[in-house]
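Breakdown of the fold
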Amino acid sequence: MSAVPLLFDALTLRDLDALEALLRNEAVYEHIGGVPSSELFRLRMTRALAGPPAARGNDRWLNFAVRDTASGELLGRLEATVHDGLAEVAFLIGPAHWGRGVATQGLLWMHGQLAGLPLWGTTVPANTRSQALMLRCGYRPVPPETAPNLYSYDPGDLVFTRDAGS
Ligand SMILES: CC(C)(COP(=O)(O)OP(=O)(O)OC[C@H]1O[C@@H](n2cnc3c(N)ncnc32)[C@H](O)[C@@H]1OP(=O)(O)O)[C@@H](O)C(=O)NCCC(=O)NCCS
């Protein structure tokens, strides 16, 4: 399978309209809480891009755009929340671009930004695409009760981890 040439850069508020058009739909939100209103989508993204509040001043919130190198088209976004010596990862790709290795390439690229940190991800059991992605990228499932405190964990979620890379 030939890989789509991808470009990664920091997501900014200038991407908000394109992000909403790409991601605020049923397919993307099926397993992550249901489609938010436009207002909520934009509020969440604006808060995410503003970075952690004072109460979480030691966190690092990383947000990356995934773009097609040739056209510059936005294909999705990647995020990592670094706290307490670990990184929680998340990934949302526009449905028109699913199944081409975009998330695989993107997640593996993001690992390079998170060197030295153990990586963690959570999904609901029905989110089999996300589980396949994490397994393909070197994560393993662990019993949730053995996991550290994860911001993204909700009771019933599956929990995956990958050892710190160099
Ligand atoms: C989960 C999600 C990120 C996967 O994105 P994706 O870009 O389709 O993932 P990939 O293309 O890398 O992998 C999907 C399939 O394409 C295949 N594929 C096709 N071409 C490929 C290539 N060139 N390289 C690697 N894999 C390729 C993979 O083998 C994989 O198949 P498999 O899952 O049957 O093993 C995407 O479905 C999504 O955004 N879902 C909604 C949001 C969500 O739930 N996010 C998770 C919580 S934040």
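Each value, and the rule that gives it
- Residues numbered from 1 in each chain as written.
- Predicted model: local features only at pLDDT ≥ 70, side-chain atom pairs only at ≥ 80, totals over all residues.
- Buried ≥ 20, exposed ≤ 12 C-beta atoms within 10 Å, placed from the backbone.
- Helix = DSSP H or I, 4+ residues; strand = E, 2+ residues; numbered from the N terminus.
- Arc of directions from axis to C-beta.
- Contact = placed C-beta atoms within 7 Å.
- Core = buried A, V, L, I, M, F, W, Y, C linked by C-beta atoms within 7 Å.
- Axes fitted to C-alpha atoms, helices over the stretch in contact; angles between N-to-C directions.
- Parallel < 35°, antiparallel > 145°, perpendicular 65-115°, else oblique.
- Left-handed = near helix turned anticlockwise from the far one by under 90°.
- Expected span 1.5 Å × (residues − 1).
- Pairing = 2+ DSSP bridges.

Some details on helix H5 (residues 128–136)
- Among the residues of H5, those classed as buried are Ser-130, Leu-133 and Met-134. The arc enclosing the buried residues of H5, seen along the axis, measures out at 95°, which places them on a common side. Opposite the packed face of H5, turned more than 90 degrees from it, sit the exposed residues Thr-128, Ala-132 and Leu-135.
- Of the surrounding elements, those touching the buried residues of H5 are strand S4 (86–93), helix H4 (102–113), strand S5 (119–123) and strand S7 (158–162).
- Trailing H5 by a residue or two, Gly-138 shows a phi angle of about 95°, which is positive.

Considerations on the nonpolar core
- With 28 residues, the main nonpolar core has Val-89, Phe-91, Ala-103, Leu-107, Leu-119 and Leu-133 as its most contacted residues.
- Mapped onto this core, the elements with two or more residues apiece are helix H1 (16–23), strand S2 (60–68), strand S3 (74–83), S4, H4, S5, H5 and S7.
- Leaving out residues up to four positions away in the same chain, Phe-91 has contacts with Gly-76, Leu-78, Ala-103, Gly-106, Leu-107 and Leu-133.

What about the packing of H1 against helix H3 (residues 38–50)?
- Two elements in contact, H1 and H3, have axes whose closest approach is 11 Å; the angle formed by their N-to-C orientations is 125°. By the angle class used here, H1 and H3 are oblique. Here the hand of the crossing between H1 and H3 comes out right-handed. Touching Leu-16, Leu-19 and Glu-20 of H1 are Ser-38, Phe-41, Arg-42 and Met-45, all from H3.

A look at H4
- Counted at 1.5 Å a residue, the expected span for H4 with its 12 residues is 16 Å, and the 17 Å between its end C-alpha atoms agrees.
- Along H4, the residues classified as buried are Val-102, Ala-103, Gly-106, Leu-107 and Met-110. Relative to the axis of H4, the buried residues are bounded by an arc of 115° and lie together on one face.
- Packing partners of the buried residues in H4 comprise strand S1 (6–10), S2, S3, S4 and H5.

A word on the sheet that holds S5
- Strand order across the open sheet formed by seven strands is S1-S2-S3-S4-S5-S7-S6, with mixed pairing between neighbours. Among the strands making up the open sheet, the edge pair consists of S1 and strand S6 (140–142). Taken over all neighbouring pairs, the strand axes of this sheet differ in orientation by 30° on average, direction set aside.
- Pairing analysis gives eight bridges linking S2 to S3, with the strands arranged antiparallel. If you follow Asn-63 over to S3, its bridge partner there is Glu-79.
- Against the sheet, H4 touches S1, S2, S3, S4 and S5, its axis set at about 35° to S3.

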